[in-house]
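Structural overview
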Amino acid sequence: MAERASAGGEVVHNRIAMLRAERRISRRDLAEALDVHYQTVGYLERGEYSPSLHLALRIAEYFEVPLEVVFSLREFPRLGT
Amino acid sequence: MAETVIAVRDLRMRYGSRDVLDGVDLEVRRGEVITLLGPNGAGKTTTIEILEGFRERSGGDVRVLGEDPARASEEWRAGIGIVLQSWRDHRRWRVRELLAHLGEYYAPYGTAERPRPRDVDELIDRVGLTDSADQMLMRLSGGQRRRLDVAIGIVGRPELLFLDEPTAGFDPEARRDFHDLVHGLVDLEDTTVVLTTHDLAEAEKLADRILVLAGGRIVADGSADALTRQVRARAEVRWSRDGQRFVHAADDATAFVRSLFVQHGDEIADLEVRRASLEDTYMQLVHQHETGSSPDPGSGFARPADVAGTGGEATR
């Protein structure tokens, strides 16, 4: 679960890393499927970069989940205890 | 059009029942730097050895400096410089001694245009071995040994220089020195260079033209830039707005950036457009070859096999 608070920017939380780990997809596989650089997946997962709306939709489509499962304005609840 | 130095048509090499080279065509012009890329076992070294006259081919036409390397003269050989993958002999010779000795063989073939051999001390300085000139070869470090290999390759002031993985074992500074040396040979002495490497950054820096050898054929031929354009359409665009960083993968990066500015104007900062690297391109070319799929410039990088379990073509 990643978040970032930037100077004046809005915070977008995402669960890309969790979805990727759960489905045993490597960073490289995701990068190739999205046509972004390998390091960019890390930037996205850590929230250092936000995806464009189009890229966000493609990420959700790749994982076959609705957009709000991957991205949220509020912090995702922790799973488990 | 510059003079053709190497002309190869339908080159074939068969070991037993296995075709290592299966119809290679290539042409190299004077003063060009050509890099031969390809996976291990693709036939790079075999190709170079045939061009050097060290290996009999199974079929095809080969012309190097106007002659067939399989039947070429000593004089022809004097015009060729070779840096092999590894040298381990002459352990007790000293650097200056060995270069002077090898250089003598070239003396009968010197011309006003190409005095042979080179001045040995100048050569030693040029490859950065001045401090080791009187060292025995067995005392040289791996990097120094490689510098000496390069010196041996150019002591006869060759018209055509073959380099087989020349910078394996070089640190970044030695690598930079070597690149400067090759540029000097090409720019100042009109040398033609054919090299193999696994270092794609090196291929990009040195080569006028890159040839990719896979499955016994040339599957791509062009500058690093041309190859990159050939396989990949999507580029990554990054920017920041209001302190937030964004990333997008665009089919048409220019159009996307234009629309970004129309929408946000002066708010856009830190704009970056990153196209596929030569490494991305190379991996895709080799992968296409291995899977037998035809080049599909629009397909980006998703491999159907890789995404099959995770939503198939959902990303397209």
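Cut-offs and rules
- Residues numbered from 1 in each chain as written.
- Chains lettered and ligands numbered in written order.
- Predicted model: local features only at pLDDT ≥ 70, side-chain atom pairs only at ≥ 80, totals over all residues.
- Heavy atoms only, no water.
- Helix = DSSP H or I, 4+ residues; strand = E, 2+ residues; numbered from the N terminus.
- Buried < 20%, exposed > 50% of the residue type's maximum accessible area, 1.4 Å probe, protein only.
- Contact = heavy atoms within 4.5 Å.
- Areas by Shrake-Rupley, 256 points an atom, 1.4 Å probe, with all protein chains shown as cover.
- pLDDT = per-residue confidence, 0-100.
- Phe/Tyr/Trp six-rings, centres within 6.5 Å; stacked < 30°, edge-to-face > 60°.
- Pairing = 2+ DSSP bridges.
- Axes fitted to C-alpha atoms, helices over the stretch in contact; angles between N-to-C directions.
- Salt bridge = Lys/Arg side-chain N within 4 Å of Asp/Glu carboxyl O.
- Patch = residues over 30% accessible without salt bridge, like charges linked within 9 Å, V, L, I, M, F, W, Y side chains within 5 Å.
- Lys, Arg positive; Asp, Glu negative; His and termini not counted.
- Charge placed at Lys NZ, Arg CZ, Asp CG, Glu CD.
- Core = buried A, V, L, I, M, F, W, Y, C linked by side-chain atoms within 4.5 Å.
- Arc of directions from axis to C-beta.

Here's the deal with the overall build of chain B
Summing up its helical and strand segments, chain B has eleven helices and twelve strands in all. Each of the 316 residues in chain B was classed as buried or not, and the buried ones make up 49%. At a minimum sequence separation of 6, the contacts of chain B that also span at least 24 residues come to 66%. Total accessible area on chain B is roughly 15200 Å²; 46% of this is exposed by carbon and sulfur atoms.

Notes on the confidence of the model for chain A
Across chain A, pLDDT averages 85, with 85% of residues at or above 70. Contacts from residues 3-8 of chain A, a stretch scored under 50 in pLDDT, to residues over four places away or in other chains number 17 contacts.

Description of the packing of aromatic side chains
Residues and elements named next belong to chain A. Under the definition given, this model contains five aromatic pairs over all chains. Note on Tyr 43 and Tyr 49: the rings are 5.3 Å apart at their centroids and 45° apart in plane angle, and the pair reads as tilted. The class for Tyr 43 is partly exposed, based on a relative accessible area of 24%. On the basis of relative accessible area, Tyr 49 is assigned to the buried category, the value being 11%.

Here's the deal with the sheet that holds strand 12 (residues 268-274) of chain B
The pairing of strands in a sheet happens through backbone hydrogen bonds and is either parallel or antiparallel. Strand order in the open sheet made by the four strands is 2(A)-11(B)-10(B)-12(B), with mixed pairing throughout. Whereas interior strands pair on both sides, the edge strands pair on one side only; in this sheet they are strand 2 (50-51) of chain A together with strand 12 of chain B. Bridging between strand 10 (residues 235-241) of chain B and strand 11 (residues 244-250) of chain B involves seven bridges; their strand directions are antiparallel. Across the sheet, residue B:Ala235 finds its bridge partner in strand 11 of chain B, namely B:Ala250. Across the sheet, helix 9 (residues 253-264) of chain B is in contact with strand 10, strand 11 and strand 12 of chain B; its angle to strand 12 of chain B comes to roughly 170°.

Digging into the pattern of salt bridges
Applying the stated criterion to the full structure yields 32 salt bridges over all chains. We note a salt bridge from B:Arg234 to A:Asp35, for which the minimum N-O separation is 2.5 Å. In this pair, B:Arg234 is assigned in the loop between helix 8 (224-231) and strand 10 and A:Asp35 in the loop between helix 2 (27-34) and helix 3 (38-46), connecting two distinct chains. Here B:Arg57 makes a salt bridge to B:Asp68, at a shortest N to O gap of 3.0 Å. Here B:Asp68 lies in the loop between strand 4 (59-64) and helix 2 (74-78) and B:Arg57 lies in the loop between helix 1 (44-52) and strand 4, a separation of eleven residues in the sequence. Pair check on accessibility: B:Arg57 and B:Asp68 agree, each one buried. Because the salt bridges share partners, they merge into one network encompassing B:Glu27, B:Arg29, B:Glu32, B:Arg209 and B:Asp221.

With respect to a positive patch on the surface
Residues and elements named next belong to chain B. Together, Arg 91, Arg 92, Arg 94 and Arg 139 line one region of the surface with positive charge. Of note, Arg 91 is situated in the loop between strand 5 (80-83) and helix 3 (95-104). Its relative accessible area of 49% is what places Arg 91 among the partly exposed residues.

Comments concerning the side chain of B:Arg118
If you trace the backbone, B:Arg118 turns up in the loop between helix 3 and helix 4 (120-126). Ignoring any residue separated from it by four or fewer positions in sequence, one finds B:Arg118 in contact with B:Leu123, B:Arg126, B:Ile154, B:Val155, B:Arg157, B:Pro158, B:Leu185 and B:Glu189.

Things to note about the nonpolar core
All names here are of chain B. Val 95, Leu 99, Leu 148, Leu 163, Phe 178 and Val 193 are the most contacted members of the largest nonpolar core, which totals 34 residues. Breaking this core down by element, the ones donating at least two residues are helix 3, helix 4, helix 5 (142-154), strand 6 (160-164), helix 6 (172-189) and strand 7 (192-196). The element contributing the most residues to this core is helix 6, with six residues. Residues within four places of Phe 178 in sequence aside, it is in contact with Val 150, Leu 163, Pro 166, Thr 167, Phe 170 and Leu 206.

Some details on the environment of B:Leu227
All names here are of chain B. On the secondary structure map, Leu 227 appears in helix 8. Classification of Leu 227 as buried rests on a relative accessible area of 1%. Setting aside residues no more than four positions away along its own chain, Leu 227 makes contact with Ile 210, Val 212, Ala 220, Asp 221, Gly 222 and Thr 281.

Let's talk about helix 3 of chain B
All names here are of chain B. Inspection of helix 3 places Val 95, Leu 98, Leu 99, Leu 102 and Gly 103 among the buried residues, and these make up the whole buried set. Down the axis of helix 3, the smallest arc covering the buried residues is 130°, so these residues share one side. At its buried positions, helix 3 is contacted by helix 4 and helix 5.

As for the pairing of strand 10 of chain B
With respect to burial, strand 10 of chain B is a largely interior element, six of its seven residues being buried. The antiparallel hairpin formed by strand 10 of chain B and strand 11 of chain B contains two residues in its connecting segment, where B:Asp242 sits at a positive phi of about 55°.

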